[in-house]
Amino acid sequence: MTPLTEPAIRASFVNCTKGEVKRLALPRDLAERPWADLDFLGWRDPAAAERAYLVAESGTGLLGVALRVAPQTGRVRRSMCSLCLTTHTGDGVSLMTARKAGRDGRAGNSVGSYLCTDLACSLYLRGKKNAGRRLDESITLAEKIDRTRANLAAFLQQVVG
Ligand SMILES: [Zn+2]
């Protein structure tokens, strides 16, 4: 994706109040992010383990969502990310919940999905970051990337409503 600036990121959030947007912690290493290999920008708030953020290009421009990360249960288990379909053991996958945008969100509605805990789906897909294992599939990397982007678009669509 195209490298993003701090103002562009802050302006992209659809499910936060203005105050939340102003306070949210952006990645400190924006300039060093591997933009060319990213399908979306995702990060955890280093000061608040339960907060995560995701920003992606959409048909209508940049779209950012704030996520709540469900606490880990501590049990060793294996689970799969619903975006990139990478399987992790332990706490590599977390349930993340996004408040819906607009009136739905104010009414308390949210959308949840199991995502890579570090939101590094793009890097797992490309083999730039190692996960325990991946599905043994015969489709190409380009097809996997397309599928991940489609999964992400569907998730974001649910948030936007
Ligand atoms: Zn993933």
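One can find the structure itself at the top, above this paragraph.
Presented here is a report on the structure given in the accompanying data block. Bear in mind that the values here come from a model prediction, so they are computed numbers and not experimental data.

The next thing to look at is the pattern of salt bridges. One pass over the structure, following the stated rule, counts eleven salt bridges. Among the ionic pairs, Lys-100 bridges to Asp-104, the shortest N-O distance being 3.7 Å. For Asp-104, a relative accessible area of 34% gives the class partly exposed. Through salt bridges that share partners, Asp-37, Asp-39, Arg-126, Lys-128 and Arg-149 make up one connected network.

Perfect tetrahedral coordination of a metal by four donors corresponds to 109.5 degrees between them, and perfect octahedral coordination by six donors corresponds to 90 or 180 degrees. The coordination sphere of the zinc ion, as far as protein atoms go, consists of Cys-81 (SG), Cys-84 (SG), Cys-116 (SG) and Cys-121 (SG), spread over 2.2 to 2.3 Å. Coordination at the zinc ion comes from four donor atoms whose angles at the metal span 102 to 116°, giving a geometry best classed as tetrahedral. Look at where the donors of the zinc ion fall in the sequence and you get C-x2-C-x31-C-x4-C. Of this pair, Cys-84 sits in the loop between β4 (78–80) and β5 (86–89) while Cys-116 sits in strand β7 (residues 110–116); the two residues are 32 residues apart in sequence, bridging distant segments of the chain. Both residues of the pair, Cys-84 and Cys-116, count as buried.

Positive phi outside glycine occurs at Leu-85, with the angle close to 60°. For Leu-85, the location among the structural elements is in the loop between β4 and β5. Of note in this structure, Leu-119 is not a glycine but carries a positive phi near 55°. Judged by relative accessible area, Leu-119 falls into the buried class, the value being 4%.

In space, the five strands of this open sheet follow the order β1-β2-β3-β6-β7, with antiparallel pairing throughout. On the outer flanks of this sheet lie β1 (41–44) and β7, each paired with one strand and no other. On average, adjacent strands in this sheet sit at an angle of 30° to one another, irrespective of strand direction. Alignment of strand β2 (residues 51–58) against strand β3 (residues 61–69), held across eight bridges, turns out to be antiparallel. Within β3, the residue paired with Ala-52 across the bridge is Leu-67.

Now for the nonpolar core. Counting 44 residues, the largest nonpolar core has Ile-9, Phe-13, Leu-41, Trp-43, Leu-54 and Leu-67 as its most contacted members. Every element with two or more residues in this core is listed here: β1, β2, β3, β6 (93–99), β7, α4 (121–125) and α5 (141–160). Ignoring any residue separated from it by four or fewer positions in sequence, one finds Phe-13 in contact with Val-21, Leu-24, Trp-43, Tyr-53, Val-55, Gly-64, Val-65 and Ala-66.

Time to look at the side chain of Ser-12. Inspection of the secondary structure assignment puts Ser-12 in the loop between α1 (6–11) and α2 (18–23). A polar contact is formed between the side chain of Ser-12 and the backbone oxygen of Ile-9, at a distance of 2.7 Å. Ignoring sequence-local partners within four residues, the contact set of Ser-12 consists of Val-55, Leu-62, Leu-63 and Gly-64.

Calculation rules
Residues numbered from 1 in each chain as written. Predicted model: local features only at pLDDT ≥ 70, side-chain atom pairs only at ≥ 80, totals over all residues. Heavy atoms only, no water. Salt bridge = Lys/Arg side-chain N within 4 Å of Asp/Glu carboxyl O. Buried < 20%, exposed > 50% of the residue type's maximum accessible area, 1.4 Å probe, protein only. Donors = N, O, S within 2.8 Å, 3.2 Å for Na, K, Ca; no water. Tetrahedral: all angles 85-135°; square planar, octahedral: opposite > 155°, others 65-115°. Helix = DSSP H or I, 4+ residues; strand = E, 2+ residues; numbered from the N terminus. Pairing = 2+ DSSP bridges. Axes fitted to C-alpha atoms, helices over the stretch in contact; angles between N-to-C directions. Core = buried A, V, L, I, M, F, W, Y, C linked by side-chain atoms within 4.5 Å. Contact = heavy atoms within 4.5 Å. Polar contact = N/O pair within 3.5 Å; in protein donor to acceptor, adjacent residues only side chain to side chain.

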